[in-house]
Structures are given as C-alpha cells and as structure tokens.
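Fold and geometry: a report
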Amino acid sequence: MGRGVEAHDRGGPLSTAQLHVSTHPLVREKVTRLRDERTKPQQFRALVGELATLLLYEATTDLPVEAAEVKTPLANAKGARLAEPVGLVPVLRAGIGMVEAALELMPEAQVWHIGLFRDERTLRPIEYYNKLPSEATVAVCLVLDPMLATGGSAVATIDILKKWGAKRVKYVGLIAAPEGVLALSTAHPDVPIHVAALDERLNEKGYIVPGLGDAGDRQFGTR
C-alpha cells in the first residue's frame, strides 16, 4: 500500500526510508476529492476519516501481538491480541477528524490531545494544550495530524511524547510537503511517516502547495 519515495526540496533530492506514501487507488481517489474546493465540510470530514482508516492499516502492520484463544460456536480457535496498549495523539484542532476512525480500529486505545498553533510571523509552533499523564502509560503512540507542512508542530509533538516516555512513535497524516518531511526525519530519524500524498512545496506563508487549504477550516466550516 505504501512505499518510500524520492522528491525534491528546493532543487535537492529528498529520499528517506522513513517516508511511506500510499499508492492505493482508493487513497488516491479520496485525496483528489479532499483537495477539491467544492467539497463541503461534511463530505470533507467523512473523507478525512476514510483516509485515516486506510493509512492506519498500513501504519499498524508491525504492532506486536500475543497469542490468544477464544471459543467459537463450534470449537476453540487460536488467534492474537495486541500485546501493548496504543496511544492516539491528535494534534489540535485538525487532528480531531482522524480520531474516530482510529478508535473504530482500536477501540481500547488511549487518547490524548496536544494543542499547537503556528505563529504566523515566525511559523514556529506554540503549545497551548497538553494534558498527558505524569508518566507514559503506553509504549506506542500514533500522532494524528493531517498536514505535515513546515514540520514544526510534528517535531514539537514528538519531542513532548519522547520526553514523556513513549518508546515508539509513528506519524500518520494526509498530505506532506518535502520541507516538512525533511524537518521531521532530521529531528526524529526513528519515527516512520505515513501519508496519503507528498506535494510540491510550501508557499511563503507556510501552506502546502497544491495542498487543500487549511485542514481545520475545511473540516469545521471556518475561515
């Protein structure tokens, strides 16, 4: 479903084994509809959830499992259960739209929110919300953040989670810019990056081009 890719950042090659860009036909079709400026907020939110489901299947293929046995109506059956609790960390506010899909797949996952906004002058992230417990309660955290633009918010979020004690972190987003991938992979070379599309570049305001606009505004009908 995914593969490592090569892209170009200001004329230079970008190649990282961390980066997994989905090539699945369903993902490509849904990204196209997501980008369309005619897509209304209700449809946009539904597409965000559908894409999150598809991407999370790929991002969770290596979660550790342990043997389990259950009784069916006919006999006992050997199977597997997740061996470790999983943490979902949506980055406010746009990441909220990915949580429900993640919980459909992993209903026992623990959810925390981290709030960051981008200073429009410096483009640096500023933290405004963080209610993590005093000590890490999961070994694996999935960061849910639709747009990997400058990479500042993703890097800051993963900094927080590692200091908290998370042993493994994965980033799951929808669209990335080469600049964001480079920033995240440089700061955290151990963190896999799973996205639906890798776009061309950032504009002077730090938005992904061609992108889809502001993911939060388009989900919630704000400007």
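Just above sits the structure.
An account of the accompanying structure is given in this report. The model shown is predicted, which means the values in this text are computed figures rather than measured ones.

The rules behind these values
- Residues numbered from 1 in each chain as written.
- Predicted model: local features only at pLDDT ≥ 70, side-chain atom pairs only at ≥ 80, totals over all residues.
- Heavy atoms only, no water.
- Core = buried A, V, L, I, M, F, W, Y, C linked by side-chain atoms within 4.5 Å.
- Buried < 20%, exposed > 50% of the residue type's maximum accessible area, 1.4 Å probe, protein only.
- Helix = DSSP H or I, 4+ residues; strand = E, 2+ residues; numbered from the N terminus.
- Contact = heavy atoms within 4.5 Å.
- Phe/Tyr/Trp six-rings, centres within 6.5 Å; stacked < 30°, edge-to-face > 60°.

**A short note on the nonpolar core**
Formed by 38 residues in total, the largest nonpolar core has its most connected members in Leu 34, Leu 88, Met 106, Leu 144 and Leu 174. Contributing elements (two or more residues each) for this core: helix H1 (25-35), helix H2 (41-59), strand S7 (86-92), helix H3 (99-105) and strand S11 (140-144). With nine residues, H2 is the largest single contributor of residues to this core. Those residues within four positions of Leu 34 in sequence are excluded, and the remaining contacts are Phe 44, Leu 47, Val 48, Leu 51, Leu 174, Leu 212 and Arg 218. Counting residues in hydrophobic clusters, the runner-up holds 28 residues, among them Val 91, Ile 114, Trp 164 and Val 195.

**A word on the packing of aromatic side chains**
The full count for this structure, using the stated rule, is two aromatic pairs. Look at Trp 112 and Trp 164: their rings are 5.0 Å apart centre to centre, the planes differ by 75°, and that puts the pair in the edge-to-face class. Taken together, the residues span a long stretch of sequence, with Trp 112 in the loop between strand S8 (110-111) and strand S9 (114-118) and Trp 164 in helix H4 (residues 152-164) at a distance of 52 residues. Each member of the pair Trp 112 and Trp 164 is classed as buried. Here the aromatic rings of Phe 117 and Tyr 128 are separated by 6.1 Å at their centres, their planes lie at 40°, and the arrangement is tilted. Remark: Tyr 128 occurs in strand S10 (residues 125-130) and Phe 117 occurs in strand S9; sequence separation between them is eleven residues. What makes Phe 117 partly exposed here is its relative accessible area of 42%.

**So, the environment of Gly 213**
Checked against the element boundaries, Gly 213 lands in the loop between strand S18 (208-209) and helix H6 (215-220). The spatial distance from the C-alpha of Gly 213 to the C-alpha of Glu 37 is 8.5 Å, given a sequence separation of 176 residues.

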